[in-house]
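# Structure at a glance
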Amino acid sequence: MSNKWICVLRDYIQATCYACSQIRSISGLWLIVAPIYCRLKYGLGARDFTIYQLPRVALREWSQFLQNEPFKRVLASQASVYGRQLADDKHAFYQHCWQHHLPTPQLTCLLCAPDSEQQQGTPLLHSADQLCQFLPDGQYFVKPQRGSHGQHAFAFVRQGAVVITAQGHSRIQSFAHRVFQLVRSGIPMIVQPQLVNHPSIRQLTGSPHLSTIRVVTAMEQGEIRAIGSFFRIINGNNQTDSFCHGSSGNLIAAVDVNEGRLMSTKIVCNKTWPVMAEISQHPLTGITLQNFMLPRWQEVLATVFAAHKTMPFLKTIGWDVAVSADMVWVVEANWRYDIDALQAAHTKGFAAAIKPFYAVRA
């Protein structure tokens, strides 16, 4: 048996164990075969079955859930090539924001190969020595020019000849050489000043690192509205707020798009398998999550609505937004936003909200 099929079999064993753990009466015994039934009937795999907590969802609602990869293909078929390229390239999006006076974090420099195309108004650094010489002391965040799910993204502090990261202290020269190993492997990197969350969010998470809000907006006949939102909540010593099917250990909370109020918040109990559990308090700070009000919410909505108006070539956009003490920042725009994270946060189908904009199963 190939490794692929071994992994598939392992996934379905895990999903079946999860389904069995949800059996509460004789009438629920059918859940033993529910993961297979869900795959054959609705096309949802073992991990989706688990992360959407489908044993807790009425069977009549299972058809409302969407698969992430097929949904991305639907989004791609409806989005212009220019729109996809603009959203995928973080430097191009940064320039777009500045051209349209949208609040977005300053870009300190772009780390790239020597033969890279010149970028207007952006310092390009092509070597570790240049990075050592150019970068002033301060707190920074580094991420790939094109990337997702927090991969290769990290925070660091420069203090003279020393750099402090989550792994500890190192000399600036050693640090710069490690970063440029990624650049030489074909991963251009963006360096930005590290944003700091609003005091109420920092108090909630107990973390100096950034927790962001994903707001999905949709445009129909020139009108823009918010159709879904979730809040990524950093947990522990994580430097990024990525959820990654729960493997990061971070929390994910459904947000009421009208009020900016947290509804249910979930955490994954086991990082190797996405069994979701409701959580009422932040594990580190003990602060109550239910009904927590995100600060500056009406400003968040106004900001993403204004931003979407500058990108009418995309029907729906998943905005990553950061809220600081005195500002709402547009961090990224995603044309292929993660439908699985949105549905996992809300534990209900998203097709009803998205159907007016895309021809998807409901």
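First things first, this report covers the structure right here in the doc. This structure is a prediction, so every number in the text was calculated from the model and none was measured. (Residues numbered from 1 in each chain as written. Predicted model: local features only at pLDDT ≥ 70, side-chain atom pairs only at ≥ 80, totals over all residues. Heavy atoms only, no water.)

### Details of the sheet that holds strand β13 (residues 316–323)
Strand pairing in a sheet relies on backbone hydrogen bonds, with the paired strands running either antiparallel or parallel. Within the open sheet, the 7 strands sit side by side as β12-β11-β10-β9-β8-β13-β14. Their pairing is antiparallel. Edge positions in the sheet fall to β12 (273–278) and β14 (328–334), since each has one partner strand and no second. Ignoring which end each strand starts from, the neighbouring axes of this sheet average 30 degrees apart. The pairing of strand β10 (residues 251–256) with strand β11 (residues 261–270) spans 4 bridges and is antiparallel. When the sheet's bridge partners are listed, V255 is paired in β11 with L262. (Pairing = 2+ DSSP bridges. Helix = DSSP H or I, 4+ residues; strand = E, 2+ residues; numbered from the N terminus. Axes fitted to C-alpha atoms, helices over the stretch in contact; angles between N-to-C directions.)

### As for the sheet that holds strand β2 (residues 124–125)
A sheet is described by the order of its strands in space; here 7 strands give the open sequence β2-β1-β7-β3-β4-β5-β6, paired in mixed fashion. Looking at the sheet topology across the chains shown, the edges are occupied by β2 and β6 (168–171). Here strand β3 (residues 138–144) runs beside strand β4 (residues 154–159); their pairing, made up of 5 bridges, is antiparallel. Note on β4: the bridge partner recorded for Y140 is F156.

### Quick word on unusual backbone geometry
The phi dihedral of H152 is positive, around 65 degrees, even though this residue is not glycine. Inspection of the secondary structure puts H152 in the loop between β3 and β4. The partly exposed category is assigned to H152, whose relative accessible area is 34%. Positive phi, normally seen in glycine, also occurs at Q221, with a value near 55 degrees. Residue position: Q221 is located in the loop between β8 (213–220) and β9 (223–233). For Q221, a relative accessible area of 82% gives the class exposed. (Buried < 20%, exposed > 50% of the residue type's maximum accessible area, 1.4 Å probe, protein only.)

### Some thoughts on the side chain of H91
Assignment of secondary structure puts H91 in helix α6 (residues 90–99). Of note is the side chain of H91, whose polar atom sits 2.6 Å from the side chain of T122. (Polar contact = N/O pair within 3.5 Å; in protein donor to acceptor, adjacent residues only side chain to side chain.)

### Notes on empty space enclosed by the protein
Throughout the structure, instances matching the rule amount to 1 cavity of 30 Å³ or more. Taken as a whole, the largest cavity encloses approximately 70 Å³ of empty space. Forming the boundary of the largest cavity are A87, K90, F93, Y94, T104, P105, K143, Q192, V331, E332 and A333. Listing elements by their share of the lining of the largest cavity, those giving two or more residues are α6 and β14. By residue class, the composition of the lining of the largest cavity is 6 nonpolar, 2 polar and 3 charged. (1 Å grid on protein atoms, 1.4 Å probe; cavity = no way out; pocket = protein on both sides within 12 Å on 5 of 7 lines; lining within 4 Å. Points joined across faces, edges and corners; volume = space filled by probe spheres on them. Nonpolar A, V, L, I, M, F, W, Y, C, P; charged D, E, K, R; others polar.)

### Side note on the pairing of β8
Summarising burial for β8: 7 of the 8 residues are buried, a large majority. Sheet analysis places β8 next to β9, joined by 8 bridges and oriented antiparallel. The residue of β9 that forms the bridge with V216 is G228. Count of turn residues in the β8/β9 antiparallel hairpin: 2 residues, of which Q221 carries a positive phi of about 55 degrees. Two strands pair when backbone bridges link them, and β8 and β13 are joined in this way by 6 bridges, in the antiparallel orientation. The partner of R214 across the bridge, within β13, is D320.

### What about helix α4 (residues 68–78)?
When α4 is considered as a whole, its buried residues turn out to be N68, F71, K72 and L75. Projection of α4 onto a plane perpendicular to its axis shows the buried side chains occupying an angular sector of 105 degrees, all on one side. Among the exposed residues of α4, those pointing more than 90 degrees away from its buried face are R73 and S77. Close packing links the buried residues of α4 with β13, α11 (339–346) and α12 (351–354). (Arc of directions from axis to C-beta. Contact = heavy atoms within 4.5 Å.)

### Side note on the environment of V215
In this structure, V215 sits in strand β8. Residues V215 and T288, spaced 73 residues apart in sequence, show a C-alpha to C-alpha distance of 22 Å.

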